[in-house]
Number of protein chains: 2
Amino acid sequence: MASVSSPARPHPLQRLNDGEILKAKDILAKSHDSGERLLFRFTYLEEPKREDMVKYLAAEHQDDKTATLPTLPRMVKFVYDVIKGPGEHTLADAVVDIDSGKVVHTQTHPTESQAGYAPFEFAQFQETCTNSDMFKEALKEFELPPNFTITIDPWPYGGLDPDENIPRYMQGLVFARDASKDNLDANHYGYPLPIIPVMDFNKKELIRIDRLATGGKGDPLEPAAASDTPKKLFANHKSAEYVPELLDRPLRTDMKPINITQPEGASFTVAEDSSLVSWQKWRFRIGFSPREGAVLHDLCYDGRPVFYRVSFSEMCAFDFGDGGAGRSANNLGLGCDCLGAIHYLDVWDTDPEGLPTLSKNVVCLHEQDAGIGWKHTNFRTGRAVVTRLRELVVQFVITLANYEYIFAYKLDNAGNVTLETRATGIVSVVAIDEGKTSAYGNIVSPGVLAQNHQHIFAARLDPAIDSYDAGETAVVLEESHPMPAVDPLTNPFGNGYEVRRTPLEKSAFADAEPKLNRVVRFENRTRKNEISGKNVGYKMTPSATQLMLAHPDSTQARRAPFAQHHLWVTGHRDGELWAAGEFTNQSRGEVGGVKAMVERGDWFGREGRRLMGGDGKLSTPVAWVVWGLTHNPRVEDWPVMPVEIHQVHIRPADFFTSNPALDVPSTKNETSVLVSSSSPCCDAKEQKKTTDSQQEDPVSHMQGSGPDVKPKDIGSGSKDGKDKKRFTTLLSGVFGKKE
Amino acid sequence: MASVSSPARPHPLQRLNDGEILKAKDILAKSHDSGERLLFRFTYLEEPKREDMVKYLAAEHQDDKTATLPTLPRMVKFVYDVIKGPGEHTLADAVVDIDSGKVVHTQTHPTESQAGYAPFEFAQFQETCTNSDMFKEALKEFELPPNFTITIDPWPYGGLDPDENIPRYMQGLVFARDASKDNLDANHYGYPLPIIPVMDFNKKELIRIDRLATGGKGDPLEPAAASDTPKKLFANHKSAEYVPELLDRPLRTDMKPINITQPEGASFTVAEDSSLVSWQKWRFRIGFSPREGAVLHDLCYDGRPVFYRVSFSEMCAFDFGDGGAGRSANNLGLGCDCLGAIHYLDVWDTDPEGLPTLSKNVVCLHEQDAGIGWKHTNFRTGRAVVTRLRELVVQFVITLANYEYIFAYKLDNAGNVTLETRATGIVSVVAIDEGKTSAYGNIVSPGVLAQNHQHIFAARLDPAIDSYDAGETAVVLEESHPMPAVDPLTNPFGNGYEVRRTPLEKSAFADAEPKLNRVVRFENRTRKNEISGKNVGYKMTPSATQLMLAHPDSTQARRAPFAQHHLWVTGHRDGELWAAGEFTNQSRGEVGGVKAMVERGDWFGREGRRLMGGDGKLSTPVAWVVWGLTHNPRVEDWPVMPVEIHQVHIRPADFFTSNPALDVPSTKNETSVLVSSSSPCCDAKEQKKTTDSQQEDPVSHMQGSGPDVKPKDIGSGSKDGKDKKRFTTLLSGVFGKKE
């Protein structure tokens, strides 16, 4: 490998540090009028152009240690408001080159483009509401139990109606909290109020209070008119506590500790600049942005690239675009969010003034055992060889008001890549009249309706299969089809089937087709597997999960076309990282998302170069994989829901010339122990004895011929069969005497 | 709970012991003529009738400890051959009542019904082949490298052609092994020969040698005619070793141990007779049969029944019916097949003479950590409550010649039940001419073709949702449908969707419908969830995996109709445990499998009672869930394939009145440790410090406002907000000065 960057100069993909942010912010500030104030919303590394970066990576990955690495600029991307006076906000973005000290890109955006909410807006929204006469007036419609206090959850406004003006809105879900418990973590979500304050952020005032219907089946969707006497709330509500000291039941005491220890240390190393990770032939860099959270760059196995970049991109509620997944990342706790030997990453973000702020422990790395990895027992000799599947997990957890998502990249020692999401936290709820039920959701607590909803995720995969050359990577859909007939020439027994390949040469979308076993293959067009003769590749099976149910004419559907197909394949363009476009907040429709990318009709690959015309540059395909969860809440999802787990599996497919985990040792773990029956049965002693002896040489029982027969040589062959007499003896016991 | 059986009398669901088997075998033997010899093929517990058993369970589960438990018979089921003379085999089955000493059921079967192969037949097959002149003659067609020896894998014959006679056949896949390695575990599967000997087991002789085609794309499917000079085999073949001492590469040395220990012991107990297991409010009995492997009986959560019985039933290659999954179960090794604190089960089987034989360590039980179970961070206070998902795993591993399957039942502390299968072992291969490729499979090693194939599994679920009353359990298909239009009265924003329920009152099959989010709900018709008002239940999402690709006219399709739909719901009948029927070996079509069960049109449930007529007995629905893997082999699957994992998830759905894992303590694990960067970066010291302090009270960073702001009270409400000034200060930094 060529010499790496000196400590003085960070690697081009390394996360920004505080000095870089500060320097870039100062450069940007100086480029603005002194009368303009800047409000910083998102700050992250502007990655080098892919075309430049792959040259760097090619040099970096060379064996020649004297190779010169190209010098690539370190650049910072800012998304920010330019404030010229009260309410006079203009959204802008800029890229600052730290080395040259120049602002190399700057753009202002029309009010149709709204950046995601910054956390300080949550506080301001709460302030505005609680100080508002309009809000105070609205609260008078209700009578709360004594000692209940109001809590407001900030909430994105959603998509605007087509004829609506475009201020910057925020809305709020209003709850009450039982302050008599004297615990700020008493759960307010069990006490929803049927009002929604809406704030104009430019004017810094509430513009209206929406009222919610609280009826059930058969009732109209309109809210009831306000009555003269305050409506008495929460008379029969149950508390919904989850913090241990407020729980309505004792904690279980029978869950004994499971300790996971690595006496020789972890098998992974986090080298040099805390971004480069090596583990079990895998090697990658971890990036992090306030929008995406953790990102994997330059993912290689045994020195061979697999992905240029892997990231989680968006969700159908725009948690990335409206909120910011990275910015919502939890500070993880040792011994809580992962067990074992853990490495944490800290990342630098900015505050609203553009000053660097350190986010601690926002990503954790650890390895874990995942059960049997491969096993074979030779039934002739009884010898079993069994290895363990080992995973490296890169995990971050985000909190979006009531809800949590756990995102993880998992690599394993068999060359597999898994994207995992876990949904947990507190389901979104609204008030419903006591005793009523609804077709739109489930009653999870008296008077509390958890609405049916969907979570749809998009991840972005930028494959680089065994080469970073933009012309080399191909995307192929492969399906398994039944054959049309029993045919003596092609399908004599009727059990044959046909594998069909459809290479994608142009941007397109597609859906999962489990009936056809549709898999997506990422392949290198040139490099062949020396054994099979097929293109080296990785394959992904898109999950056949339900796609967006919202009507195509709805604002929701128009804003998130990505959620309408399981797979999008687009031509790579630098900076295109967002499945629903860069500015999703209050969008009326997708701008610059996967739908637009497909519609522009990029061709990729070498054929594409010929067909594409224009600048003649090679394009490389980017895949966007979409999966989801139709979440019709269960009562069990209350007050905090058990994780709903989903995994996307990406596996080598003729990338290697044999099982890449073949060299995993079948070492026996020395710390495992036996658990006996609490009332040992008659054979417990013998059992112990046998098990001990089997630790050295587990013997398959599949011969099934009883303890007094050790058929070590069943079928050991006509030429070297030994001890054949034993079988004959056994068999004669059954057949011999009579026959 | 009522008093349990005395040690002298086993629980009615307890696995058979050696004394019982011996006694029953003697009773059976005495019932036969002295001139008849018996060849025992399968021996297992004949479970009590469900109707009787649920009365027992109702009494057993009562709080009244003085309740009398019904006395249920202990019965043994035998499947065996009656041999009256050479080649004169008659298949029979019998049930022996140990208490009365009587044979209570006996039946002989026509030759159309063939029991699965018994392991001793493997040895006999090998003997017959290697002694056969026909086989020796066939081998002369080939020239093997020096020191190669012949090894034959026994293989079920498959389904007979309609006009074929019905002897008992076995066929063999022929391989060579490099004996020069002086290691009986040298892998023969890398050296396939293109011949298949077929044996008539009744006549004890080979009847023919089938020759296999070795051509590739474009070649005919017929085998080439035998040449005068022996065909030279394996000239350029690669060895395919997997045992460590023969590997062609060094073992990796960088996989450091992960030790999983339970210093306070395991959280589960295996009580009294080694069949009753208690863990985290779950309680069940483990059965085991040579056909099914491990079975869960009487699965209850917190004393409430969920399933009467759960089992794996069949596969599309009839590994259960033709082979016997339980009989093929590996003897597991401590520290190899599971890590941590492990309990093993031994089970009694019989040898061909009906004598009891002990199979050691064929099932392992252990608990494991499975990541975050539920989490919520209060973004106002920064307090995170995070709990771990804990699983109890009941696992067994079977070897069927070249191939391995790992079956597991997983229960967790959130009330979920998961059925897991892992496919591993050595893929089935045939010879192909060197340099050729095939449309029917992949070249995994020179001259070795791994054919495309499918693995389709069926599990049998006998639900008993909160009641064992046969009339109480219902099966409902639930789907989520888009609404037809944006409509001001019902769907004003176009984002609504409709949940539709279709109760199944009559036996039926159905497929997974991910586009409709089809879930199968097992419900109690009477008991309502006191919160939601809905029927208490569990739900299962059938996996949308590809179904059988074989042509409907093929023998394969006719033998395994179960593999043509993802779900079958049938009316319960005692003893019906087999998705493809009891006798699958050489079957021409399904007899007594799910297709037949559906076709007989049972109605179940209370409505069913009225409609059913006949004996007027209540029927209860049994669900058969089917999933699979279309396995188009990768080069990576050679020589032993990394596990392909599949899980079926069954989750409570309004069974509980809140998250059942709410009482799981959020205890911090004390043995987790930090892993630093190997070249610490500038803030490594500070990082260590911060992380330590956060162990006590992990603070969410989602406020994103930087380290000098601790917005503990963001949104803490208008009435009890404290320290509000801090925000005002922060906000004024951005807005205050200018506005």
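A brief look at the structure comes next. (Residues numbered from 1 in each chain as written. Chains lettered and ligands numbered in written order. Predicted model: local features only at pLDDT ≥ 70, side-chain atom pairs only at ≥ 80, totals over all residues. Heavy atoms only, no water.)

1. Quick look at the relation of the copies chain B and chain A
Where we set the bar: Only residues with pLDDT of at least 70 in both copies contribute their C-alpha atoms to the least-squares superposition of the copies.
Rotating chain B by 180° and translating it 0.0 Å along the rotation axis places it on chain A, where the RMSD comes to 0.0 Å. Both chain copies can therefore be described as sitting about a two-fold axis. Ranked by how close their C-alpha atoms come to the rotation axis, the residues of chain B are headed by Ile260 of chain B, at 2.3 Å.

2. A look at the sheet that holds strand β16 (residues 304–315) of chain B
Residue and element names in this part refer to chain B. In plain terms, the rule: For two strands to be treated as a pair, DSSP must find at least two bridges joining them. Helix numbers and strand numbers start at the N terminus; a helix is a DSSP run of H or I with at least 4 residues, a strand a run of E with at least 2. Axes here refer to lines fitted to C-alpha atoms; in helices the fit is confined to the stretch in contact. Angles between the N-to-C directions go from 0 to 180 degrees.
The nine strands lie next to each other as β12-β13-β14-β15-β16-β25-β32-β31-β28, forming an open sheet whose pairing is antiparallel. Where the open sheet ends on each side, the last strands, each with one partner, are β12 (269–271) and β28 (508–510). Recorded for the sheet is a direction-independent mean angle of 25° between the axes of neighbouring strands. Strand direction decides the pairing type here: β28 and strand β31 (residues 567–571), joined by three bridges, are antiparallel. Among the inter-strand pairings, Phe509 is bridged to a residue of β31, identified as Trp568.

3. Brief notes about unusual backbone geometry
Residues and elements named next belong to chain A. Condition: Only protein chains enter the accessibility calculation, which uses a 1.4 Å probe. A residue is then buried if its area is under 20% of the maximum for its type, exposed if over 50%, and partly exposed in between.
The omega angle of the peptide bond from Trp638 to Pro639 is -5°, so this bond is cis rather than trans. Locating Pro639 in the fold gives a position in the loop between β32 (621–631) and β33 (641–652). One non-glycine residue, Lys204, lies in positive phi territory at about 60°. Topologically, Lys204 is positioned in the loop between β8 (195–200) and β9 (205–211). In this structure Lys204 comes out as partly exposed when scored by relative accessible area, which is 22%.

4. Some words on the pairing of strand β15 (residues 293–301) of chain B
Residue and element names in this part refer to chain B. Across the nine residues of β15, nine count as buried, placing the element largely inside the fold. Two elements, strand β14 (residues 282–289) and β15, share seven bridges in a ladder whose sense is antiparallel. Looking at the pairing, Arg283 lines up with Cys300 of β15. Here β14 folds back onto β15, and the loop between the two strands holds three residues. Pairing analysis gives five bridges linking β15 to β16, with the strands arranged antiparallel. Within β16, the position partnered with Leu299 by the bridge is Phe307. Hairpin connection from β15 to β16: two residues lie between these consecutive antiparallel strands, with Asp302 at a positive phi of about 55°.

5. So, helix α2 (residues 50–61) of chain A
Residues and elements named next belong to chain A. Rules: To estimate how far a helix should reach, multiply one less than its number of residues by 1.5 Å. Contact between two residues is taken to exist if any of their heavy atoms lie within 4.5 Å; hydrogens are not considered.
In this model α2 runs 16 Å from its N-terminal to its C-terminal C-alpha over 12 residues, within 8% of the 16 Å that 1.5 Å per residue would give. Turning to α2, its buried residues are Arg50, Met53, Val54, Tyr56, Leu57, Ala59 and Glu60. Check the buried side of α2 and you find it contacts β14 (282–289), β15 (293–301), β16 (304–315) and β25 (453–463).

6. Remarks on the state of the cysteines
What we call a disulfide is simply a covalent bond connecting the sulfur atoms of a pair of cysteines. All names here are of chain A. This is how it is decided: Disulfides are defined as cysteine sulfur pairs within 2.5 Å.
This structure, assessed with the given rule, holds two disulfides over all chains. The disulfide partner of Cys338 is Cys364, and the S-S distance across this bridge is 2.4 Å. Torsion about the S-S bond of the Cys338 and Cys364 cystine: about -105°, corresponding to left-handed handedness. Here Cys364 lies in strand β18 (residues 356–377) and Cys338 lies in the loop between α5 (319–323) and β17 (341–350), a separation of 26 residues in the sequence. Exposure class is identical for Cys338 and Cys364. Each is buried.

7. Some thoughts on the pattern of salt bridges
Two side chains with opposite charge may pair up if their charged atoms get near one another. We apply this condition: Put simply, a salt bridge is a Lys or Arg side-chain nitrogen that is within 4 Å of an Asp or Glu carboxyl oxygen.
Taken as a whole, this structure holds 102 salt bridges over all chains when the rule is applied. The salt bridge partner of Arg41 of chain B is Glu121 of chain B, with a shortest N-O separation of 3.1 Å. With a gap of 80 residues between them, Arg41 of chain B in strand β1 (residues 37–46) and Glu121 of chain B in helix α3 (residues 119–131) connect regions that are remote in the sequence. The buried category is assigned to Arg41 of chain B, whose relative accessible area is 4%. Here Asp93 of chain B and Lys77 of chain B are joined by a salt bridge, their closest N and O atoms 3.7 Å apart. In this pair, Asp93 of chain B is assigned in strand β3 (residues 89–97) and Lys77 of chain B in strand β2 (residues 75–83), connecting sequence segments 16 residues apart. There is no split in this pair, since Asp93 of chain B and Lys77 of chain B are both buried. Salt bridges sharing partners connect three or more residues here, namely Arg41, Asp81, Glu121 and Arg168 of chain A.

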